[in-house]
Amino acid sequence: MTTSTVRFLLNNDDVTIQNIDPNLTVLQYLREIQFKSGTKEGCASGDCGACTVVLAELDAEEKQLNYKSINSCITFVGSLHGKQLITVEDLKDGAKLHHAQQTIVDNHGSQCGFCTPGFVMSSFSLHKHNQTPNRAEVLEALAGNLCRCTGYRSIIEAAITSSEHTEQDSFAQHYQQTISKLIELQKLPKPVLSGNNHQYVAPKNIDELAYELTNEPDSKLVAGGTDLALSVTQNLAVIDKLVYVGNVEELTTMTETESDIIIGSALPYSKFIDTLHHYYPELGDMIERIGSKQVRNTGTLGGNIGNASPIGDMPPALIALGASMTLHLNGEERTILVEDYFVDYKKTVLKPSEFIKSIQIPKPTAGQTLKLYKISKRIDDDISAVLAAFFIEQKDDSDKTKITNVRFAFGGMAGIPKRASATEQVLQGKSLDKESVAQAKLALATDFQPMSDVRASDKYRMKVAQNLIEKCYLEMQNRTIETRVMNYA
Ligand SMILES: Cc1cc2nc3c(=O)[nH]c(=O)nc-3n(C[C@H](O)[C@H](O)[C@H](O)COP(=O)(O)OP(=O)(O)OC[C@H]3O[C@@H](n4cnc5c(N)ncnc54)[C@H](O)[C@@H]3O)c2cc1C
Ligand code: FES
Ligand code: FES
């Protein structure tokens, strides 16, 4: 049986929605249907954080709640099913402000106030999963929120002070009750929503997902929506049928074998970043620069590869690591290398009704080095002009260390994320030294003819990509040299 409804908790109220266009975002729903205008719209594209709300979700064991900040402007309303939505209106306990709010007052953290609800919600979310954050963690939590007038120092101080509060808020007091209510919602059949002749469905397992896509190949898959929703909010596209993959069990797990880390395509970044950081610290650091906390709380690997953008950050890294991906079509599966997925600008080998199930990343072994460089105008919350991913495997050969395996992949240098095969050929079997690096830099000019756009000119792209090869070499020669500026605050 299928309910043609979506049910969730709006703070503590059990809310059912039906006959609503599934193209509606959570922000539009809050402001235009619930008339809760505390949540603001700044950019409607995930960049400013004014629309930040918090979702509480059950963990896999259904024993704990995970509180995550999200951008409501780029989240479709259907994905609320089975979750608790908390907005800035819900924080106050009677007449008493929540400490995430009171500390903003005490630290003079607000002037015009337009950004304030978003900052408060990011600070609230941080407090819910980390009561002893260090300064870097506070900055990470707030990096997706922009303020045009107050200045960040007082807002940062407010968030630090808020996190130190130990008294129980109303959410802690209702914790078990909320868990019980969400467990009940989880037992409901898969949610379906329709309105304005547009449909939304959220399958619960891979067979249901395959069925939906086989029946209606023109359906549009949505995971975090951090890419797809922009086509609705910015390009005014209307999607006839959305199929949400965030509830599909097989796509939202992470497992490890002796040799691989297997990440479900619909698992958000924030759920696998620590594991990848453990095996590949540079990869963990790079993922921390994908969007903002809000974007990483919902954005997925499946979406990052699935959108086939030439400037997506993960594909070059995955290609350099020799990662593979499993594709699923109506019960049949095939596994291909990530590098073989991309055919041409925004064209992939994905067949109609086929979807990405998982991504397999090999674990590191001795003698391997992964170096990643993201070139963007800002450290946080910015799209790459160039992403360079270098994987080098070396072995001692008589008196020299030789490169036995090399994979260099770039984003932003071509219409697809792509390996630099001529450059690799120059380095294969050689020692990594000044001479081979100079030859590699020359060879790179034959691998790519980058384009100019708002992010960078073709000449800049080529120059910076060549220089990154040299930077990689210098970092590998002398690991004590400080070559990266990461802290500005
Ligand atoms: C403010 C902001 C900052 C960003 N910063 C970065 C950044 O720094 N680096 C970066 O790389 N990206 C960035 N992005 C882009 C985006 O967040 C990422 O690409 C993210 O990984 C997309 O994942 P998603 O789950 O939200 O994708 P969605 O929007 O849900 O989907 C994207 C596309 O992939 C398809 N898709 C989704 N899942 C599957 C699947 N399982 N199989 C096949 N197709 C699928 C969808 O149909 C859609 O076409 C940013 C976006 C925003 C809004
Ligand atoms: S309105 Fe700017 S991030 Fe949502
Ligand atoms: S207080 Fe005005 S934008 Fe932050």
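These numbers were taken from a predicted model, which means no experiment stands behind them.

Chemist: Account for the packing of helix α4 (residues 135-142) against helix α5 (residues 152-163), with residues named and values stated.
Modeler: Running from N to C, α4 and α5 point in directions that differ by 115°, and their axes come no closer than 10 Å. As summarised for this structure, α4 and α5 are arranged roughly perpendicular, according to the angle between their axes. In this structure, α4 meets α5 at a crossing whose hand is right-handed. Contacts between α4 and α5 involve Arg135, Val138, Leu139 and Leu142 on the former and, on the latter, Ile155, Ile156, Glu157, Ala159 and Ile160. Among the residues making up the contact of α4 with α5, the classes are represented as seven nonpolar, no polar and two charged.

Chemist: Describe the packing of helix α2 (residues 99-106) against α5, and please don't skip the residues or the numbers.
Modeler: At a minimum axis separation of 8 Å, α2 and α5 run at an interaxial angle of 140°. With respect to α5, the element α2 is oriented oblique. Relative to α5, the crossing made by α2 is right-handed. Residue-level contacts link His99, Ala100, Thr103 and Ile104 of α2 to Ile155, Ala158, Thr161 and Ser162 of α5. Of the residues belonging to the contact of α2 with α5, the class tally is four nonpolar, four polar and no charged.

Chemist: Lay out the domain arrangement of the protein chain in plain terms, naming residues and giving numbers.
Modeler: For the protein chain, the assigned domains are domain 1 (8-17 + 24-187), domain 2 (253-362) and domain 3 (373-477). Counting residues at the interface gives 15 residues for domain 1 and 10 residues for domain 2. Contact with domain 2 buries area across many residues of domain 1, yet Lys68, Ser69 and Glu140 alone supply 47% of it, more than any other trio. Connecting domain 1 to domain 2 are two salt bridges. Between glutamate 140 and arginine 296 there is a salt bridge, with its nearest N and O atoms 3.1 Å apart. Sorting the residues of the side of domain 1 that touches domain 2 by element identifies β3 (52-58), β4 (65-71), α3 (116-129) and α4 as the ones contributing at least two each. Looking at which element gives the most residues to the side of domain 1 that touches domain 2, the answer is β4, with five residues. Tallied by class, the residues present in the side of domain 1 that touches domain 2 amount to two nonpolar, 10 polar and three charged.

Chemist: A description of α3 should follow, citing residues and the corresponding values.
Modeler: Given a rise of 1.5 Å per residue, 14 residues ought to cover 20 Å, and the 20 Å separating the end C-alpha atoms of α3 matches this to within 8%. Across the 14 residues of α3, 13 count as buried, placing the element largely inside the fold.

Chemist: Which residues make up the site of ligand 1, and what values go with them?
Modeler: The environment of ligand 1 is made up of 35 residues, and the closest members are Leu221, Thr226, Leu228, Tyr269 and Thr300. Between ligand 1 and threonine 226, the relevant distance is 2.5 Å, taken from an oxygen atom to a side-chain nitrogen or oxygen of the residue. The separation between an oxygen atom of ligand 1 and a polar main-chain atom of glycine 291 is 3.1 Å. Going through the elements one at a time, β8 (220-222), α13 (301-306) and β16 (355-362) are the ones with two or more residues in the shell around ligand 1.

Chemist: Could you give an account of the packing of aromatic side chains, naming the residues involved and the relevant values?
Modeler: Under the definition given, this model contains 11 aromatic pairs. Summarising the aromatic geometry, the rings of phenylalanine 410 and phenylalanine 448 are spaced 5.5 Å apart at their centres and angled 70° between planes, so their arrangement reads as edge-to-face. You can see phenylalanine 410 sitting in strand β19 (residues 400-411) and its partner phenylalanine 448 sitting in the loop between α16 (434-447) and α17 (458-477), a full 38 residues away along the chain. The same class applies to phenylalanine 410 and to phenylalanine 448, which are both buried.

Chemist: Go over unusual backbone geometry, please, and point to the residues and values.
Modeler: The phi torsion at asparagine 19 lies on the positive side, around 55°, for a residue other than glycine. The phi torsion at asparagine 330 lies on the positive side, around 45°, for a residue other than glycine. Relative to the helices and strands, asparagine 330 is located in the loop between β12 (324-329) and β13 (332-337). Under the relative-accessibility criterion, asparagine 330 is labelled partly exposed at 48%.

Chemist: So what about the pattern of salt bridges? Which residues, and what values?
Modeler: By the definition in use, this model includes 26 salt bridges. Ionic pairing is found between glutamate 256 and lysine 363, a salt bridge with its closest N-O pair at 3.0 Å. Note that glutamate 256 is positioned in strand β10 (residues 254-256) and lysine 363 in the loop between β16 and β17 (368-375), a separation of 107 residues in sequence. What makes glutamate 256 partly exposed here is its relative accessible area of 41%. Judged by relative accessible area, lysine 363 falls into the buried class, the value being 16%. Several salt bridges share partner residues, and in doing so they unite Lys190, Glu212, Glu216 and Lys241 into one network.

Chemist: I'd like a description of the sheet that holds strand β7 (residues 198-201), backed by residues and values.
Modeler: Reading across from one edge, β6-β7-β9-β8 is the order of the four strands in this open sheet, with mixed pairing throughout. Sheet topology places β6 (192-195) and β8 at the edges, where each strand pairs with a single neighbour. For this sheet the average axis-to-axis angle between neighbouring strands, irrespective of direction, equals 20°.

Chemist: Lay out the environment of leucine 188 in plain terms, naming residues and giving numbers.
Modeler: On the secondary structure map, leucine 188 appears in the loop between α7 (175-186) and β6. For the pair formed by leucine 188 and phenylalanine 342, sequence separation is 154 residues and the distance between their alpha carbons is 38 Å. Not counting chain neighbours up to four residues away, the residues in contact with leucine 188 comprise Arg7, His81 and Lys204.

Chemist: Hey, could you go over the nonpolar core for me, with residue numbers and the actual values?
Modeler: Judged by nonpolar contacts, the single largest core of 38 residues is most densely connected at Leu283, Met314, Leu318, Met325 and Ile361. With five residues, the single largest contributor to this core is helix α14 (residues 314-320). In this structure, this core is formed jointly by two domains, domain 2 (253-362) and domain 3 (373-477), each of which donates at least three residues. Excluding anything up to four places from it in sequence, isoleucine 361 contacts Ser259, Asp260, Ile261, Ile263, Leu276, Tyr280, Leu318, Leu321 and Ala323. Ranked by size, the runner-up nonpolar core spans 31 residues in total, among them Phe8, Leu27, Leu80 and Tyr200.

Thresholds, definitions, all that
- Residues numbered from 1 in each chain as written.
- Chains lettered and ligands numbered in written order.
- Predicted model: local features only at pLDDT ≥ 70, side-chain atom pairs only at ≥ 80, totals over all residues.
- Heavy atoms only, no water.
- Axes fitted to C-alpha atoms, helices over the stretch in contact; angles between N-to-C directions.
- Helix = DSSP H or I, 4+ residues; strand = E, 2+ residues; numbered from the N terminus.
- Parallel < 35°, antiparallel > 145°, perpendicular 65-115°, else oblique.
- Left-handed = near helix turned anticlockwise from the far one by under 90°.
- Contact = heavy atoms within 4.5 Å.
- Nonpolar A, V, L, I, M, F, W, Y, C, P; charged D, E, K, R; others polar.
- Domains from an automatic or database assignment.
- Buried area = accessible area lost by both parts, 1.4 Å probe.
- Salt bridge = Lys/Arg side-chain N within 4 Å of Asp/Glu carboxyl O.
- Expected span 1.5 Å × (residues − 1).
- Buried < 20%, exposed > 50% of the residue type's maximum accessible area, 1.4 Å probe, protein only.
- Near = heavy atom within 4 Å.
- Polar contact = N/O pair within 3.5 Å; in protein donor to acceptor, adjacent residues only side chain to side chain.
- Phe/Tyr/Trp six-rings, centres within 6.5 Å; stacked < 30°, edge-to-face > 60°.
- Pairing = 2+ DSSP bridges.
- Core = buried A, V, L, I, M, F, W, Y, C linked by side-chain atoms within 4.5 Å.

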